[in-house]
Amino acid sequence: MASNQIQVIISTPLGVYFDDTTEICTFRTTEGQIGLMAGGPQFMAALIPSEIYINHLNSPELKKFYVDKGIVQFKNNVLSLIVNQISTQPIDLTQNFVQADQKKYTIIEEIVLKKKLAENNK
């Protein structure tokens, strides 16, 4: 890897989606838009649903990905992004959450249910 490049690794729950070197990578975190090049400061942040741009300087070949939420870490010129979902097309985030599909109880509901079960077993 050339000294002016960074290694970009994008992973999903299904495995590694992208692994290559580049000179600049731009993405959005909860702290704002970040453009990262070799020699940048070490950090970790939360990604928000947005676009990721991966490009070599002065090159018309731009790689553009759409991501859902995730985390990002940069250390020793290695940029690691772990995302829930990634695509080359815009992601419809509204289809991911359907209230009827949510079967988990809140902690209070769970405690009440366990208490009732314990009382019935006496």
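These figures come from a predicted structure and were not determined experimentally. (Residues numbered from 1 in each chain as written. Predicted model: local features only at pLDDT ≥ 70, side-chain atom pairs only at ≥ 80, totals over all residues. Heavy atoms only, no water.)

## Regarding the overall build of the protein
Moving on, step 1. On a plain count of helices and strands, the protein comes out with one helix and ten strands.
Moving on, step 2. Looking at the protein residue by residue over its 122 residues, the buried ones come to 27%.
Moving on, step 3. On the protein, roughly 8,500 Å² of surface is accessible, and the fraction owed to carbon and sulfur atoms is 54%. (Helix = DSSP H or I, 4+ residues; strand = E, 2+ residues; numbered from the N terminus. Buried < 20%, exposed > 50% of the residue type's maximum accessible area, 1.4 Å probe, protein only. Areas by Shrake-Rupley, 256 points an atom, 1.4 Å probe, with all protein chains shown as cover.)

## Brief notes about the environment of Thr 21
Moving on, step 1. Position of Thr 21 among the secondary structure elements: in strand β2 (residues 15–22).
Moving on, step 2. Between the C-alpha atoms of Thr 21 and Ile 6, which are 15 residues apart in sequence, the distance is 5.5 Å.

## What to know about the nonpolar core
Nonpolar side chains in soluble globular proteins tend to end up buried together.
Moving on, step 1. Counting residues in each nonpolar core, the largest one holds 19 residues, and the members touching the most others are Val 8, Ile 10 and Leu 79.
Moving on, step 2. Elements with a minimum of two residues in this core: β1 (6–12), β3 (24–29), β5 (43–47), β6 (50–55), β7 (62–67), β8 (70–75) and β9 (78–83).
Moving on, step 3. In this view, Ile 10 contacts Gly 15, Val 16, Tyr 17, Phe 18, Ile 52, Ile 54, Phe 65, Leu 81, Val 83 and Ile 86; residues no more than four positions away in its chain are not counted. (Core = buried A, V, L, I, M, F, W, Y, C linked by side-chain atoms within 4.5 Å. Contact = heavy atoms within 4.5 Å.)

## Some words on the packing of aromatic side chains
Moving on, step 1. Under the definition given, this model contains four aromatic pairs.
Moving on, step 2. An angle of 85° between the planes, with centres 5.5 Å apart, marks the rings of Tyr 17 and Phe 65 as edge-to-face. Note that Tyr 17 is positioned in strand β2 and Phe 65 in strand β7, a separation of 48 residues in sequence.
Moving on, step 3. Take Tyr 17: its relative accessible area is 38%, and that puts it in the partly exposed class.
Moving on, step 4. An angle of 35° between the planes, with centres 6.4 Å apart, marks the rings of Phe 43 and Phe 74 as tilted. Of this pair, Phe 43 sits in strand β5 while Phe 74 sits in strand β8; the two residues are 31 residues apart in sequence, bridging distant segments of the chain.
Moving on, step 5. Three or more aromatic residues joined by ring pairs form one cluster here, namely Tyr 17, Phe 18 and Phe 65. (Phe/Tyr/Trp six-rings, centres within 6.5 Å; stacked < 30°, edge-to-face > 60°.)

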